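Structure at a glance
What follows is each chain in one-letter form.
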Amino acid sequence: ADARLMIAAVDCVWSAVVPCEANVARLVERDGVTLLLNCLAAAPFTPRAHLLSCLADLLIDPAAEEQADGWRTPDGRTCAKLFA
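Residues numbered from 1 in each chain as written. Predicted model: local features only at pLDDT ≥ 70, side-chain atom pairs only at ≥ 80, totals over all residues. Heavy atoms only, no water.

**Quick word on the environment of E29**
The cut-off we apply is this: Every helix listed is a DSSP run of H or I at least four residues long, and every strand listed is a run of E at least two residues long, numbered separately from the N terminus.
In this fold, E29 is placed in helix α2 (residues 21-29). Along the chain, E29 and Q67 lie 38 residues apart, while their C-alpha atoms are 9.6 Å from each other.

Here it is as structure tokens:
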């Protein structure tokens, strides 16, 4: 049930935020990329592909990419490590 909820939430972000530059800017201002990466780092297997796809589309935006570049897990993993 938790995985389905996460997939639904990511789907909402993907369809309502990613296509609109103004919404992406608001998401970045509110550390949304960081929060999505935190979710990805802790997510079970099932929603990971959905999260990765959403983030890949989101990171086309330079400000979102910059926020992702500065992100680290508590054990030091980077965004690139999560995508690998």
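Next comes the rest of the account.
**Here we look at helix α3 (residues 32-42)**
Applied cut-off: Each residue is placed in one exposure class: buried if its accessible area under a 1.4 Å probe, protein chains only, is under 20% of its type's maximum, exposed if it is over 50%, and partly exposed if it falls in between. In this description, the arc belongs to the directions extending from the helix axis to the C-beta atoms. What makes two residues a contact is simply this: any of their non-hydrogen atoms within 4.5 Å.
Looking at α3, one finds that the buried residues are G32, V33, L36, L37 and L40. Buried residues of α3, viewed axially, fall in a sector of 135 degrees; they line one side. Looking at the buried residues of α3, the elements they touch are α1 (2-16), α2, α4 (45-58), α5 (62-69) and α6 (79-83).

**Points about the side chain of Q67**
Locating Q67 in the fold gives a position in helix α5. Given a relative accessible area of 14%, Q67 falls into the buried group. Setting aside residues no more than four positions away along its own chain, Q67 makes contact with V28, D31, G32, V33 and T34.

**Some thoughts on the pattern of salt bridges**
Side chains that differ in charge, positive against negative, can pair when their charged atoms come close. Here is the rule: We count a salt bridge whenever a side-chain nitrogen from Lys or Arg sits within 4 Å of a carboxyl oxygen from Asp or Glu.
According to the stated counting rule, one finds one salt bridge in the structure shown. Residues R77 and D75 are paired through a salt bridge, measuring 3.4 Å at the closest nitrogen-oxygen approach.

**Description of the packing of α3 against α5**
The cut-off we apply is this: Interaxial angle, 0 to 180 degrees, is taken between N-to-C directions of lines fitted to C-alpha atoms, where a helix line uses only the stretch in contact. Roughly parallel covers angles under 35 degrees, roughly antiparallel covers those over 145, roughly perpendicular covers 65 to 115, and oblique covers all other angles. Should the near helix be turned anticlockwise from the far one by less than a right angle, the crossing is termed left-handed; should it be turned clockwise, right-handed. Any residue outside Ala, Val, Leu, Ile, Met, Phe, Trp, Tyr, Cys, Pro, Asp, Glu, Lys and Arg is labelled polar, Gly included; the first ten of those are nonpolar and the last four are charged.
Where α3 meets α5, the axes come as close as 9 Å, and the angle between the chain directions of the two elements is 50 degrees. Relative to α5, the element α3 lies oblique. For α3 against α5, the interelement crossing comes out right-handed. Packed against α3, whose contacting residues are G32, V33, T34 and L37, the element α5 presents A64, Q67 and A68 at the interface. When its residues are assigned to classes, the contact of α3 with α5 shows four nonpolar, three polar and no charged.

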